[in-house]
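Structural characterization, general
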Amino acid sequence: STLRIVGGRSRGRRIRYSGDDRVRPMKDRTREAVFNLVGPEVVGTHVWDLFAGTGAMALEALSRGAKRATLIERHIPTAKLIQQNVNDLQLEDRVVVHRADTFIWIRNALVSDRQPEWPVERWLVFCCPPYAFYEERQEAIHEMLTCLKDAAPVDSLIVVEAERPFDLPPLWPAKWSVRDYHPATVGIYRKLDD
């Protein structure tokens, strides 16, 4: 199965993925809508693709001017496919793919000594996990996003995709800009100060 990059330098390029239902890539039109909302703010950012799946969100962001990207994907064959797509698009020098459990990787990264080496550019964080996680692993998602929000440079954006009906604001008291793209809900949060 393939998806395509919908905008930017790599527009029209194909992204391979397994066709596995668990990967559930965001629909092209939803992805395009999300990037229209983020707009030129993608330029120069460090992208975090937390449950990377196809890697389409990060690859789209790089196509549109993001500086570099960190992708985290637990499923081994899926992570290998992402790396293949990265190689096909000749982005090896700008992308790191971690084959790991996102919750564990972020927790370890945040408490380790590596934290000072975290990207200094504004962050663009994509959190598009399996929808079931919002119920089954609600606390873990809350904890992870709160850690990322606290670590992120000012003016970073966090983009969360969930299934309707899902009320995003309880993740933390914040101003979410919420859009409905049936069957998905997308919330965007901007970190305004330290």
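Residues numbered from 1 in each chain as written. Predicted model: local features only at pLDDT ≥ 70, side-chain atom pairs only at ≥ 80, totals over all residues. Heavy atoms only, no water.

Focus: the side chain of T102
Applied cut-off: What counts as a helix is a DSSP run of H or I of at least four residues, what counts as a strand is a run of E of at least two, and both are numbered from the N terminus. Polar contacts here mean pairs of N or O atoms no more than 3.5 Å apart (in protein, one a potential hydrogen donor and the other a potential acceptor; neighbouring residues in sequence count only if both atoms are side-chain atoms). Here a residue-residue contact requires only that any non-hydrogen atoms of the pair lie within 4.5 Å.
Within the secondary structure, T102 sits in helix α4 (residues 102-111). A polar contact is formed between the side chain of T102 and the backbone oxygen of L50, at a distance of 2.4 Å. Not counting the four nearest positions on each side in its chain, T102 is found in contact with L50, F51, I72 and M144.

Concerning α4
How we decide: Think of it in three bands: with a 1.4 Å probe and only protein chains considered, a residue is buried below 20% of the maximum accessible area for its type, exposed above 50%, and partly exposed in between. It is the directions from the helix axis to the C-beta atoms that the arc portrays.
The complete set of buried residues in α4 reads T102, F103, W105, I106, A109 and L110. Considered in projection along α4, the buried side chains sweep an arc of 170 degrees and stay on one side of the axis. Packing partners of the buried residues in α4 comprise β3 (46-49), β4 (68-73), β5 (95-99), α5 (133-136) and α6 (138-151). By the N-cap criterion, in which a side-chain oxygen at the helix start approaches the backbone nitrogen of a residue two or three places on, α4 is capped by D101, the distance to F103 being 2.9 Å.

Remarks on the packing of aromatic side chains
Which entries qualify depends on this criterion: Ring geometry is summarised as follows: Phe, Tyr and Trp rings, the Trp one being its six-membered ring, pair when their centres sit within 6.5 Å, and such pairs are stacked at plane angles under 30 degrees, edge-to-face over 60 and tilted between the two.
In this structure the tally under the stated criterion is 6 aromatic pairs. A ring pair is formed by F35 and F126, whose centres lie 5.6 Å apart and whose planes are at 55 degrees; its orientation type is tilted. Of this pair, F35 sits in helix α1 (residues 28-38) while F126 sits in strand β6 (residues 123-127), and the two are 91 residues apart along the sequence. Of the two residues examined, F35 and F126, each falls in the buried class. Judged by centre distance (5.5 Å) and plane angle (65 degrees), the ring pair of F51 and F103 falls under edge-to-face. Of this pair, F51 sits in the loop between β3 and α2 (56-63) while F103 is found in helix α4, placing the two residues 52 residues apart along the sequence. The pair formed by F51 and F103 is uniform in burial state, with each residue classed as buried. Taken together, the ring pairs in this structure connect W48, W105 and W123 into an aromatic cluster.

Topic: the sheet that holds strand β9 (residues 184-190)
The condition is simple: Strand pairing is assigned whenever DSSP identifies at least 2 bridges connecting the two strands. Axes, fitted as lines to C-alpha atoms, cover a helix only where it is in contact. Angles between the N-to-C directions of the axes lie from 0 to 180 degrees.
Read across the sheet, 7 strands follow the order β5-β4-β3-β6-β7-β9-β8 without closing on themselves; strand pairing throughout is mixed. Each edge of the sheet is formed by a strand with only one pairing partner; in this case those strands are β5 and β8 (176-181). Averaged over neighbouring strand pairs, the angle between their axes works out to 15 degrees when direction is ignored. Note: β3 against β4, 4 bridges, orientation parallel. Looking at β4, one finds that W48 is bridged to T70.

Topic: the packing of α4 against α6
Counted only if it meets this: By definition, turning the near helix anticlockwise from the far helix through less than a right angle yields a left-handed crossing, and turning it clockwise yields a right-handed one. All amino acids are sorted into three groups, where Ala, Val, Leu, Ile, Met, Phe, Trp, Tyr, Cys and Pro are nonpolar, Asp, Glu, Lys and Arg are charged, and the leftover types, Gly among them, are polar.
In the contact formed by α4 and α6, the axes pass within 10 Å of each other and the chain directions differ by 40 degrees. The two elements α4 and α6 meet at a crossing, and its hand is left-handed. Here T102, F103, I106, R107 and L110 of α4 come into contact with α6, specifically with A140, I141, E143, M144, C147, L148 and A151. For the contact of α4 with α6, the per-class residue count stands at 9 nonpolar, 1 polar and 2 charged.

As for the side chain of T70
Within the secondary structure, T70 sits in strand β4. There is a polar contact of 2.8 Å between the side chain of T70 and the side chain of H46. Setting aside residues no more than four positions away along its own chain, T70 makes contact with H46, V47, W48, D49, V96, H98 and W105.

Re helix α3 (residues 76-88)
Basically, it comes down to this: Multiplying one less than the number of residues by 1.5 Å gives the expected span of a helix.
In this model, α3 (13 residues) spans 18 Å end to end at C-alpha, consistent with the 18 Å of a helix rising 1.5 Å per residue. All of the buried residues in α3 are T78, A79, L81, I82, N85 and V86. For α3, the arc enclosing every buried residue in end-on projection is 160 degrees, short of the 170-degree limit, so these residues lie on one face. The elements touched by buried residues of α3 are β2 (14-16), α2, β4 and β5.

A closer look at the environment of I106
Counting through the fold element by element, I106 comes out in helix α4. When the C-alpha atoms of I106 and I72 are compared, they prove to be 9.2 Å apart, with 34 residues separating the residues in sequence. If sequence neighbours within four positions are ignored, I106 has contacts with L50, I72, M144 and L148.

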